[in-house]
Every structure is written in structure tokens, then in C-alpha cells.
Amino acid sequence: MSDAQSTATTAPAAARDGAAGEVLLEVRDGLGRITLNRPRALNALTQDMVRAIDAALTDWAADPAVRGVLIRGAGEKGLCAGGDVVSLHASLTGGRFEEAAQFFRDEYRMNHRISAYPKPYVAFMDGIVLGGGMGVSVHGSHRVATERTRAGMPETAIGFTPDVGGSYHLARAPFHAGRHLAATSAHASGADAVALGLADAFVESARLDELEQAMAEALGSLEAPSGDAGRDGTRDEAAFAAADEVLARFAVAEGERPDSALAAGREWIEDAYGRQTAAEVLAALDERAAGGGEHADAARSAAEAIRAKSPTAVAVAHEAQNRLAAHGQDLTVADALRQEFTIGTHLMREPDMAEGIRALLVDKDKDPTWSPARLEDVSTEDVAGHFEPVSGVDPLQLG
């Protein structure tokens, strides 16, 4: 029995300021628990919440009493609906771009920390998991989807592109399904998430509390870590093995979980989204829709969804996927985050992001005026420019 089995309810001192009540932190039975606690806002992440989570993870990585971390959302609707971008609207319209960039710096550093965490990081991807919600879950070592999961990167709907490191996982998804999710802002089900590598296991939502308890019991019963396990980036192998065993016990077998609708559409998705540019993707979708056949309706719906999004954002998101895929097996989360930051520093200075936030989340008229208005009017040069650093903006630094 280790010290981690003793019960304690503590929040790291560095994490108590700013986000009090919005992020609940507790260490008990070897498990550091993070609960996003803004259910009325679908647990959307504020900058203070991001900083609180990052501070907790930093402290817990060096704490031998913490053998793993679990994150979940308060309320019935889901883990997290994304970053609180409404708060960014005033910064963008007021031209305070460095203020907005600092939010992304803080969030992306937290995302990177999760991706390299030396202890098991268990994420309950139950219900709504969008944008920033993906950032606090999809990089974890043990990602749990359920029959209620609705996961996605909806940024093109607000004139932005998939970020929080999400573009890394979209680029690695099979049959170009990540490009489909990025362009259309479509939601993936729990079965889709497992099929695309966005989650590791499918667990019935009614069993999540039981799973959390089993994780705590397994981690809390471990012998004290030896050497530097869990510190300075050294993996706590005993804790990872324990978490693996627990999750395997709860996971629904492949033949018993629901089928993935996205996997069933592999042929048409792979064909359409394998094109070099977003405009070519849209043309391929239109051609399939016009030709009739089994997947004509799905292609038509995808084309309609793309036309409703920011043309610039769609074009840039597709090229971002091209560039990340070119890394092959050498691609890292840090690569994706740095590219996302460069793209973001451009998009926040352009009209579509502020307009998209206004239309979808501020005025809620859902009638944005994009500039340019058509995907065909976004030039290759315009797209390429988003991958060049903005003059005077420091690049993203990741530890």
C-alpha cells in the first residue's frame, strides 16, 4: 500500500486563483480528478480554467501521491463544448490581437502537456466534446467514448480552423475522415471516435462512475513509484499498465458496440477528400451528389455543410491537413500546435472569425457574411500566406 491510497481533497495552490468553482480539483485514492464545472455554458473553457488545469497537471506530475488523472464534465450534456470564444469577440473587434493570442498560447501549452503527460490521463468523452473539449481529451492516454459522444472540431463555422492540437488527430484519421470533419464541422459518434482513433475505448455511459472508482482503486493500490517514475517526463509504467487493465475490463467489444457511420461511408469520403484543394473536394462532392447512387445524399449534405462555412477557413483547414500528413510517422502534436498557432494569428486578424462568432454565438442570427463568399474565390496564394509567421508575433513556445 502506498501513500497514494490515503484520502485527500486538495487543489494545487497555483490552480485555486481565477477559476474557483469553474474547475473542481481533487486528489483521492491515487487519482487526480478534474471536473469542468460550467454546465450552463456546456463547460466551455475560459482562460482562467485553462490556466488552472495546466497548473494542476504541472503539480500532479511531480506528486507521488497522484498516479493518474481523470477529467470529466459536470452536468448531463457533456465534457466541454469548446473554448469560450465569445469572450474573444471583443478582443478581435477591438484589434487587441495579442490579447487573443495569449488565450491560445495558454491553451495550446496545456494541450501539449496533456499529450506528453507521464502518468495515465483518462478522459470521459461523454456527450458533447467539441473544439477545446477535444483539446482536453483527445491527447490523453485513455480516451473513453460512449453512446452519447458527439465529438468534433466545429471551427470552420466561426471562420477558424481546427486547433488545440486537434488537427494532429484529424490528419492521422483513416480514409481522410479527419478532413471531412474539419471541413463540415460534423460530429463523430462514440463508435466513430473509436474507429477514427479519436478514442481508445467505448464504454456505456451508465458505467462511467463505476469505471472511475475502479481506476481509483487500481491506481491507489499500487506500490509507491520507484525512482523518477512520473517526474521529469519519465513514464509511470506501473500506473499505465494498471489503467490499461481497468479500461480493458469496461470496454465494449468491437462486435458489440454500435457501427461507425463514418466508417460505413469510407469509399465516398476517401474519394472526395483525397483531392489537393478544398475547391476540388467540393467539386467531387457535387459530382457524386448529381450522379445519384448509394452515397449521393451523404455527399450532398457534406457539400451543403461546406458551403455554409467560412470559405477561407475551409480552404486553409484542408491545406493544413495536407501539410501535416506530409510529415508521415514523424508528425508530432507540437508540430500541429505550432502550425495551428501560425494559422490562428492570421485568421484572428481577418474578418471571418469575428463575423462567425457574431453570427453563431453573439447575435445568433446564424447568417454570417463571409469574405470572400465562395470557396472558389479563395486563391492558392491566400491559403499559402496563412502558413507564414505574422510579422511581430512571437512563435508558439512549447516545453
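Everything quoted here is computed from the prediction, not taken from an experiment. (Residues numbered from 1 in each chain as written. Predicted model: local features only at pLDDT ≥ 70, side-chain atom pairs only at ≥ 80, totals over all residues. Heavy atoms only, no water.)

Peer 1: I keep staring at the overall build of the protein and nothing clicks. Help me out?
Peer 2: Scanning the protein from terminus to terminus reveals 17 helices and 9 strands. Over its C-alpha atoms the protein spans a radius of gyration of 21 Å, differing by no more than 12% from the 21 Å that the globule rule assigns to 399 residues. Overall, the C-alpha framework of the protein stretches about 65 × 50 × 40 Å when taken along its three principal axes. Evaluated residue by residue, the protein yields a buried proportion of 56% over its 399 residues. Sequence-distant contacts, at least 24 apart, represent 74% of the contacts inside the protein between residues at least 6 apart. Working note: accessible area of the protein is about 16400 Å², and carbon and sulfur atoms make up 47% of it. Of the charged side chains in the protein, 37 are positive and 61 negative; the average position of the first set lies 2 Å away from that of the second. (Helix = DSSP H or I, 4+ residues; strand = E, 2+ residues; numbered from the N terminus. Rg over C-alpha atoms; globule rule 2.2 N^0.38 Å. Buried < 20%, exposed > 50% of the residue type's maximum accessible area, 1.4 Å probe, protein only. Contact = heavy atoms within 4.5 Å. Areas by Shrake-Rupley, 256 points an atom, 1.4 Å probe, with all protein chains shown as cover. Lys, Arg positive; Asp, Glu negative; His and termini not counted. Charge placed at Lys NZ, Arg CZ, Asp CG, Glu CD.)

Peer 1: Please explain the nonpolar core as it appears in this structure.
Peer 2: Here is a general trend for soluble globular proteins: nonpolar side chains tend to be buried in one another's company. Within the largest apolar cluster, 100 residues are counted, with the highest numbers of intra-cluster contacts made by Ile34, Leu36, Trp60, Phe104, Val136, Tyr273 and Leu285. Ranked by the residues each element gives to this core, the list is headed by helix α1 (residues 47–61), at 8 residues. Once residues within four sequence positions are removed from consideration, isoleucine 34 is found in contact with Val23, Leu24, Leu25, Ile53, Leu57, Trp60, Val69, Leu70, Ile71 and Arg72. (Core = buried A, V, L, I, M, F, W, Y, C linked by side-chain atoms within 4.5 Å.)

Peer 1: Even after reading the chapter, I still don't get the pattern of salt bridges, so can you show me in this structure?
Peer 2: Side-chain pairs of opposite charge can arise where the charged atoms are in close proximity. Overall, the coordinates contain 28 salt bridges when judged by the stated rule. For arginine 288, the salt bridge goes to aspartate 271, with nearest N and O atoms at 3.6 Å. In this pair, arginine 288 sits in helix α12 (residues 278–291) while aspartate 271 sits in helix α11 (residues 266–273), placing the two residues 17 residues apart along the sequence. Between arginine 358 and aspartate 363 there is a salt bridge; the shortest N-O distance is 2.9 Å. Each of Arg33, Arg72, Asp209 and Glu212 takes part in salt bridges that share partners, so that together they form one network. (Salt bridge = Lys/Arg side-chain N within 4 Å of Asp/Glu carboxyl O.)

Peer 1: Explain a nonpolar patch on the surface to me, please; I cannot follow it from the model alone.
Peer 2: On the surface, a cluster of nonpolar side chains totalling about 260 Å² of accessible area is made up of Val86, Leu360, Leu361 and Val362. If one sorts the elements of the nonpolar patch by residue count, helix α16 (residues 351–362) sits on top with 3 residues. Tracing the sequence through the fold places leucine 360 in helix α16. (Patch = residues over 30% accessible without salt bridge, like charges linked within 9 Å, V, L, I, M, F, W, Y side chains within 5 Å.)

Peer 1: It is not clear to me how the side chain of aspartate 106 should be interpreted in this structure. Could you clarify?
Peer 2: Within the element layout of this structure, aspartate 106 appears in helix α3 (residues 97–115). On the basis of relative accessibility, which here comes to 11%, the residue aspartate 106 falls in the buried class. Separated by 2.8 Å, the side chains of aspartate 106 and glutamine 47 make a polar contact. Those residues in contact with aspartate 106 that lie beyond four places of it in its chain are Gln47, Val50 and Arg51. (Polar contact = N/O pair within 3.5 Å; in protein donor to acceptor, adjacent residues only side chain to side chain.)

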